[in-house]
Amino acid sequence: MKISEHLDLSELIRSESAKRNGISNMPTEAHIANFKLLAEKVFEPIRNHFRCPIHISSGYRSAALNKCIGGSATSQHCSGEAIDIDMDGTPNGVTNKMIFNYIKDNLEFDQMIWEFGTNENPDWVHVSYESTGKQRKQILKAYKENGKTHYKPY
């Protein structure tokens, strides 16, 4: 099922953890509608700007999958409002930092997180779009301390 011109539902529901644990990861129609909005406002503008495939490392998470992987109880991945983008290792030369800066400087979004990595490049970029249209434009940086994930303003 096509979510947008360059995004297929299969890319959003792919999960090795779900497969390994026999967990269904199929979104509801409401979640799919949220992803269509996210694709229109965030994914497609990124894809069109960089003119290359954009790799989504995490999209939808059913409640069971989110619990299985220890995700946040309030994760926007569970409502179809968030994706994680990871361009590391892609042959087109686009980096996670380039994705992060493009979103920050050009797009409306609810929350964006520089996920771990170094000061030069995040390991991946988390971005969400709130389906009600009320975007916080919150930008955070994730880091580990004593084995726990913490967030600070970017």
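Worth saying up front: this structure is predicted, and the values here are computed from it rather than measured.

### Considering the pairing of strand β4 (residues 82–85)
Alright, step 1. The two faces of β4 match: A82 and D84 on one face and I83 and I85 on the other face are all buried.
Alright, step 2. With two bridges connecting them, strand β3 (residues 56–58) and β4 associate as antiparallel partners. Bridging across to β4, S58 finds its partner in D84.
Alright, step 3. In the sheet, β4 pairs with strand β6 (residues 124–128) via four bridges, with the strands oriented antiparallel. Along β6, the bridge assignment pairs I85 with V125.

### Examining the environment of E115
Alright, step 1. Looking at the secondary structure, you find E115 in strand β5 (residues 111–115).
Alright, step 2. The spatial distance from the C-alpha of E115 to the C-alpha of I99 is 12 Å, given a sequence separation of 16 residues.

### Examining unusual backbone geometry
Alright, step 1. One non-glycine residue, R51, lies in the positive phi region at around 55°.
Alright, step 2. Within the secondary structure, R51 sits in the loop between α3 (29–50) and β3.
Alright, step 3. Even without being glycine, N146 reaches a positive phi, approximately 50°.

### Brief notes about the packing of aromatic side chains
Each pair of aromatic rings is reported with the distance of its centres and the angle of its planes.
Alright, step 1. All chains considered together, the criterion is met by six aromatic pairs.
Alright, step 2. An angle of 80° between the planes, with centres 6.5 Å apart, marks the rings of F35 and Y60 as edge-to-face. Of this pair, F35 sits in helix α3 while Y60 sits in the loop between β3 and α4 (63–69), and the two are 25 residues apart along the sequence. Side by side, F35 and Y60 carry an identical accessibility label, which is buried.
Alright, step 3. With centroids separated by 5.1 Å and ring planes inclined at 80°, the aromatic side chains of F100 and W114 adopt a geometry described as edge-to-face. Placement of the pair is F100 in helix α5 (residues 96–106) and W114 in strand β5, with a sequence separation of 14 residues. With respect to burial, F100 and W114 carry one shared label: buried.

### So, the pairing of β5
Alright, step 1. With respect to burial, β5 is a largely interior element, five of its five residues being buried.
Alright, step 2. Burial along β5 is two-sided: Q111, I113 and E115 and M112 and W114, pointing in opposite directions, are all buried.
Alright, step 3. Of the strand pairs in this sheet, β5 and β6 are connected by five bridges, and their pairing is antiparallel. When the sheet's bridge partners are listed, Q111 is paired in β6 with S128.
Alright, step 4. Here β5 pairs with strand β7 (residues 138–145) via five bridges, running parallel. Bridged to Q111 within β7 is Q138.

Calculation criteria
- Residues numbered from 1 in each chain as written.
- Predicted model: local features only at pLDDT ≥ 70, side-chain atom pairs only at ≥ 80, totals over all residues.
- Heavy atoms only, no water.
- Buried < 20%, exposed > 50% of the residue type's maximum accessible area, 1.4 Å probe, protein only.
- Helix = DSSP H or I, 4+ residues; strand = E, 2+ residues; numbered from the N terminus.
- Pairing = 2+ DSSP bridges.
- Phe/Tyr/Trp six-rings, centres within 6.5 Å; stacked < 30°, edge-to-face > 60°.

Everything listed is a geometric property; what it means functionally is a separate question.
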